[in-house]
Amino acid sequence: MSCEVKSQENQSIHYVSHEAKISQKIADLKAFLKESDYNSDKAFLIDFSISSSKFRFFVVDLNSGKIIQKGLVAHGDGSEDGKADGLLKFSNTDGSHCSSLGKYVMDEKYSGKFGMSYRLTGLDETNSNARSRAIVLHRLSCVPDVEQTEEICLSFGCPMVSNNFFKILEQHIDKSDKKLIIYAYN
């Protein structure tokens, strides 16, 4: 996979509405997790309405509603097709190279093309093909650790993070006695 940097127009972030959105997504997750066997104390949120040059991957404490850690995350290069309207495009179709929205469960850890990675299973109609599309959480060196002025590199649809942020996420995932959820939204 080639990793190229593409420039996109800067998106301004209004932190009041951003915080309100996170609070709403946490409430949504709490309701979902109440009837599940997944980890109900901690989850990962990805807010694709935020520019990829800014922190938009959040580790959240579901009990306090606080963000524990945050990092950069790439989106699929196919999602760029919607940028003419200023918005990313999302798809659940194999070969689209798009990111998909919805809740994913963090499944088995394995060593593959990008080193240690986690398979993701989509729990919603919008991401139900994640397994067949080989959508995984993985690291790649082209994703930086700090916020940028330009958009970061692109994936083939996987949530792709920096080496250092992956190590942080790995600790949360591996220490959890129940499977964690990633909730990607726009």
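Details of the structure are given in the entry above.
Residues numbered from 1 in each chain as written. Predicted model: local features only at pLDDT ≥ 70, side-chain atom pairs only at ≥ 80, totals over all residues. Heavy atoms only, no water.

Draft legend 1. Region of the structure containing the environment of Asn39. Its place among the elements puts Asn39 in the loop between helix H1 (15–34) and strand E1 (42–47). Take Asn39: its relative accessible area is 9%, and that puts it in the buried class. For Asn39 and Ile173, which are 134 residues apart along the polypeptide, the C-alpha to C-alpha distance reads 10.0 Å. Leaving out residues up to four positions away in the same chain, Asn39 has contacts with Leu33, Leu62, Ser176, Lys178, Lys179 and Leu180. For Asn39, the side chain forms a polar contact with the main-chain nitrogen of Asp41, separated by 2.7 Å. (Helix = DSSP H or I, 4+ residues; strand = E, 2+ residues; numbered from the N terminus. Buried < 20%, exposed > 50% of the residue type's maximum accessible area, 1.4 Å probe, protein only. Contact = heavy atoms within 4.5 Å. Polar contact = N/O pair within 3.5 Å; in protein donor to acceptor, adjacent residues only side chain to side chain.)

Draft legend 2. View of the sheet that holds E1. A sheet is described by the order of its strands in space; here 8 strands give the open sequence E3-E2-E1-E8-E4-E5-E6-E7, paired in mixed fashion. For this open sheet the edge positions go to strand E3 (66–71) and strand E7 (160–161), each flanked by a neighbour on one side alone. Pairing analysis gives 4 bridges linking E1 to strand E8 (residues 181–185), with the strands arranged parallel. When the sheet's bridge partners are listed, Asp47 is paired in E8 with Tyr185. Lying over the sheet, helix H2 (residues 163–175) contacts E1, strand E2 (57–61), E3, strand E4 (102–112), strand E5 (115–122), strand E6 (136–139) and E7, oriented at roughly 135° with respect to E6. (Pairing = 2+ DSSP bridges. Axes fitted to C-alpha atoms, helices over the stretch in contact; angles between N-to-C directions.)

Draft legend 3. Quick peek at the pattern of salt bridges. Per the stated rule, a full pass over the model turns up 10 salt bridges. Lys103 is the salt-bridge partner of Asp124, the closest N and O atoms lying 3.4 Å from each other. Residue Asp124 is found in the loop between E5 and E6, and its partner Lys103 is found in strand E4; the two are separated by 21 residues along the sequence. Note on Lys103: relative accessible area 13%, which makes it buried. When the shortest N-O distance is used, the salt bridge between Arg119 and Glu108 registers 3.3 Å. In this pair, Arg119 sits in strand E5 while Glu108 sits in strand E4, placing the two residues 11 residues apart along the sequence. Arg119 sits in the partly exposed class, given a relative accessible area of 29%. What you see here is one network of salt bridges that share partners, running through Asp107, Glu108, Arg119, Arg131 and Lys179. (Salt bridge = Lys/Arg side-chain N within 4 Å of Asp/Glu carboxyl O.)

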